[in-house]
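# A closer look at the structure
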Amino acid sequence: MTFVSIREVAPRDGLQNEDPVPADGKVELIDALSRTGVRRIEAVSFVHPKAIPQMADADEVWSRITRNPDVRYSALIPNTRGAQRALAAGFSEIEVVVSASDTHNRRNLNRSTDESLDDIAALIPLVHEAGGTLEVIVATSFGCPYEGDIAPERVAGIVARVRADGADRIAFGDTTGMATPRRVRDLLAEVRPDLLHFHNTRGTGLANIVTALELGVTEFDASAGGLGGCPYAPGASGNVATEEVVHMLHDMGFDTGIDLDRLIEAAELAERLVGRPLPSGVLRAGPRTRLV
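Residues numbered from 1 in each chain as written. Predicted model: local features only at pLDDT ≥ 70, side-chain atom pairs only at ≥ 80, totals over all residues. Heavy atoms only, no water.

Attention now goes to the overall build of the protein chain. Within the protein chain, the regular secondary structure consists of twelve helices and eight strands. Its C-alpha atoms give the protein chain a radius of gyration of 18 Å, within 12% of the compact-globule value 19 Å for 292 residues. With the principal axes as the frame, the protein chain shows a C-alpha extent of 55 × 45 × 35 Å. Buried positions account for 57% of the 292 residues belonging to the protein chain. Intrachain contacts of the protein chain at a sequence separation of at least 6 include 73% that bridge at least 24 residues. (Helix = DSSP H or I, 4+ residues; strand = E, 2+ residues; numbered from the N terminus. Rg over C-alpha atoms; globule rule 2.2 N^0.38 Å. Buried < 20%, exposed > 50% of the residue type's maximum accessible area, 1.4 Å probe, protein only. Contact = heavy atoms within 4.5 Å.)

Following this line, the structure appears as structure tokens:
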């Protein structure tokens, strides 16, 4: 049975778009997700509180969670200062984002894509010297709300540069849900990532995952309840829901190591924390094996 690795991103990518959730709630959510069998959790981000006030309590949250030794926890950082904070807090798995779209990168990080790539080149030895690994997430890999389609060759060029600079892992982000199975095939024919991060903004998230599986990718991000999106891109809300992904994968015969019932309970908690209905169909209807 093929194992598919899921990284749960609700505590960071999911909550950064919501009204601030108190640290108590974030700790409760991370602890609940840590008990589901998920192997990887994106726990916090070390960004300036003026940029993303929802993540201002990253140090407190990280210090208070009950760490499961079977779970790999990671942190997102925007720059050298963020990397220093994450490493000082004890993270060894660090993520940094650069957009394939220059316009989106300027809106998101206030610098050009090339300037971000220069910063990443300087970050890599800093992280490595501390014994950590750096994953580069290429946002807007499948399209940009400001520029439209992004050529696969553009993404491939970014990947070639960061790999040459020493990046440990590469992820592609479908930042505003512009990917379709056709575009997944087109991009992956040009260049392969280690992990894919899809949104379900336009209803193609699960179809894109199936397409990527057929092409040999077995690592994906997902967010409990379908929480999340990019605060700098219009219409970006809607990460693929972890329970929908796991429900589908298990029925297809893949192993994720995740307990679906516990995952649904964690998604219910996420829904209570944000105080609004979340878009996950499995959260609403339950698994297909649930009888009336």
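Having seen the structure, we can now continue with the description.
On to the nonpolar core. Ranked by internal contacts, the top residues of the largest apolar core, which has 87 residues, are Y73, F91, V155, F172, L196, F198 and F220. A per-element tally of this core places helix α11 (residues 260-274) first, with eight residues. Among residues more than four places away in sequence, those in contact with F172 are V138, S141, F142, V155, V159, L187, V191, R192, P193, L195, L196 and H197. Counting residues in hydrophobic clusters, the runner-up holds six residues, among them L76, V97, A171 and L195. (Core = buried A, V, L, I, M, F, W, Y, C linked by side-chain atoms within 4.5 Å.)

Moving on, we get to the packing of helix α9 (residues 205-214) against helix α10 (residues 242-251). The geometry of α9 relative to α10 is characterised by a closest axis approach of 11 Å and an angle of 45° between their N-to-C directions. Considering the angle they form, α9 stands oblique to α10. The interaxial crossing formed by α9 with α10 has right-handed handedness. Counting all contacts with α9, which are made through L206, I209, V210 and L213, the residues of α10 involved are E244, V245, M248 and L249. A breakdown of the residues in the contact of α9 with α10 according to their chemical character gives seven nonpolar, no polar and one charged. (Axes fitted to C-alpha atoms, helices over the stretch in contact; angles between N-to-C directions. Parallel < 35°, antiparallel > 145°, perpendicular 65-115°, else oblique. Left-handed = near helix turned anticlockwise from the far one by under 90°. Nonpolar A, V, L, I, M, F, W, Y, C, P; charged D, E, K, R; others polar.)

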